[in-house]
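# Structural characterization, general
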Amino acid sequence: MPDGVIGNTLDFDSRKSRFEPWSGNRSVESRYAGFLIRRMAVRIFSGRATTYLAEKIAQAYGESLGQVNYQQFSDGEMSPYLAESVRGHDVFIVQSTFAPADNFMELLLMIDAARRASAENVNVVIPYFGYARQDRKDKPRVAIAAKMIANLLSAAGAHRIMTCDLHADQIQGFFDIPVDHLDGAYIFIPYLKSLNLENIMFATPDVGGIKRARSFAKYFTADLAVCDKYRKEANKVESMRLIGEVEGKDVVLVDDLVDTAGTICKAAQLLKDNGARSVRAVCTHPVLSGNAYENIEKSNLEEIVVTDTIPLKQQTPKIKVLSVSNLFAKAIRKIHDHESISSLFIKL
């Protein structure tokens, strides 16, 4: 029984304020200008697809990962439930939305469960935001999937979204709730600096990635090249031409994701044919479907550097994985403490 409470009535002789809330055991209290300030406790949970990363995020934050139990019906219908109380807590649910679609459905159910369990805030951490490539109506009678995903997350009860390297920055505008869009450059730039490349130059495998590649080039005070591609259908490059001079340069291709690796491998070949001394790539999200691993092994790439937003399906010496766990852990701490996350971006 809390101090100052007798049965169901308040003890008016107590030195405690009659309006002081009972905070439970996990909340943190402090006093400011004579007023009691109650801070919510942080609880971090994970969907099954991203447990490997959520465990590292929780460890970097200094909290244990919350327990989630699952009931699975014989037809495949899932029913996740949080095995710990989250009442009044600041909840962070980690789940990337890569295939299969059940990963996204599981995330929606966990958001709804946390909201119905009276969590104070439901923050959704989506290291890889799937369906982001469908961000506009580029031909008749197609869905804008990224907008629909944003609507579903909000409808499920999410209060905030945290993600990394969206396919297009404007996807943040699809949400009517706060979006913290972290930058993979925070991970890649220190690694590239450690390589001490003598004649570093940056390139983009398509014109849509010019802004992303230019930010890297600006930081290193390096030149920028563009591989202008043309494709008739998804995952199939018809032709490609180079804009820029790359002879004798150590070129780094920059992209947000690598799927079949057809584009980035073709770009590497084009750069080598035009005299580049070495070609490597940094891509935040390793989707790596189809013949991606085979394409990378046979390519002119020295290496392709990715993050662990999506787990690799197989290992290859040409793929190096850097972890985003510390980046997300720092962001979670700053969000919980109501601080700016500006320090988590590379200053250009």
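Data block above holds the structure.
Everything in this summary refers to the structure shown in the same document.

### Focus on the pattern of salt bridges
Enumeration according to the criterion identifies 16 salt bridges in this entry. Put simply, Asp256 and Arg212 hold a salt bridge, and the shortest N to O gap is 3.9 Å. Separated by 44 residues along the polypeptide, Asp256 in strand E15 (residues 250-258) and Arg212 in helix H5 (residues 210-220) bring together distant segments of the chain. The pair Asp256 / Arg212 is uniform in exposure class, with both members buried. With a shortest N-O distance of 3.4 Å, Arg241 and Asp228 are connected by a salt bridge.

### As for H5
Side chains three or four residues apart in an α-helix point the same way, a direct result of the helix having 3.6 residues per turn. Residues Arg212, Ala213, Phe216, Ala217 and Phe220 constitute the buried set of H5. Along H5, the residues classed as buried sweep out an arc of 135 degrees about the axis, all on the same side. Among the exposed residues of H5, those pointing more than 90 degrees away from its buried face are Lys211 and Lys218. Where H5 terminates, the next one or two residues include Thr221, which has phi positive at roughly 50 degrees.

### Digging into the nonpolar core
Residues Met162 and Phe202 are the most contacted members of the largest nonpolar core, which totals 40 residues. Sequence-distant contacts of Met162, that is, excluding residues within four places in its chain, are made with Phe92, Val124, Val125, Ile126, Asp180, Leu182, Phe328, Ala331, Ile332 and Ile335. The next biggest cluster of nonpolar side chains, apart from the first, holds 32 residues, and it includes Val68, Phe129, Ile161 and Phe175.

### A word on the packing of aromatic side chains
Counting across every chain of the model gives four aromatic pairs. Residues Tyr219 and Phe220 carry aromatic rings whose centres are separated by 5.3 Å and whose planes lie at 75 degrees to one another, so their mutual orientation is edge-to-face. Its relative accessible area of 29% is what places Tyr219 among the partly exposed residues. An aromatic cluster of three or more residues is present, and its members are Phe202, Phe216, Tyr219 and Phe220.

### Quick notes on the side chain of Ser278
Along the chain, Ser278 turns up in strand E16 (residues 278-286). The exposure class assigned to Ser278 is buried, which follows from its relative accessible area of 8%. Here the side chain of Ser278 touches Asp250 through a polar contact of 2.7 Å, side chain to side chain. In this view, Ser278 contacts Lys249, Asp250, Val251 and Glu302; residues no more than four positions away in its chain are not counted.

### Observations concerning the environment of Ile319
Inspection of the secondary structure puts Ile319 in strand E18 (residues 319-322). Contacts of Ile319, omitting those with residues within four sequence positions, involve Leu288, Tyr293, Ile296, Ile304, Val306 and Leu312.

### Notes on the packing of helix H4 (residues 185-195) against H5
Here H4 crosses H5 at 45 degrees, and the two axes come no closer than 12 Å. By the angle class used here, H4 and H5 are oblique. Between H4 and H5 lies a crossing of right-handed hand. Residue-level inspection shows Ala185, Phe188, Ile189, Leu192 and Lys193 of H4 in contact with H5, the latter providing Phe216, Tyr219 and Phe220.

The rules behind each value
Residues numbered from 1 in each chain as written. Predicted model: local features only at pLDDT ≥ 70, side-chain atom pairs only at ≥ 80, totals over all residues. Heavy atoms only, no water. Salt bridge = Lys/Arg side-chain N within 4 Å of Asp/Glu carboxyl O. Helix = DSSP H or I, 4+ residues; strand = E, 2+ residues; numbered from the N terminus. Buried < 20%, exposed > 50% of the residue type's maximum accessible area, 1.4 Å probe, protein only. Arc of directions from axis to C-beta. Core = buried A, V, L, I, M, F, W, Y, C linked by side-chain atoms within 4.5 Å. Contact = heavy atoms within 4.5 Å. Phe/Tyr/Trp six-rings, centres within 6.5 Å; stacked < 30°, edge-to-face > 60°. Polar contact = N/O pair within 3.5 Å; in protein donor to acceptor, adjacent residues only side chain to side chain. Axes fitted to C-alpha atoms, helices over the stretch in contact; angles between N-to-C directions. Parallel < 35°, antiparallel > 145°, perpendicular 65-115°, else oblique. Left-handed = near helix turned anticlockwise from the far one by under 90°.

Geometry only, nothing functional implied.
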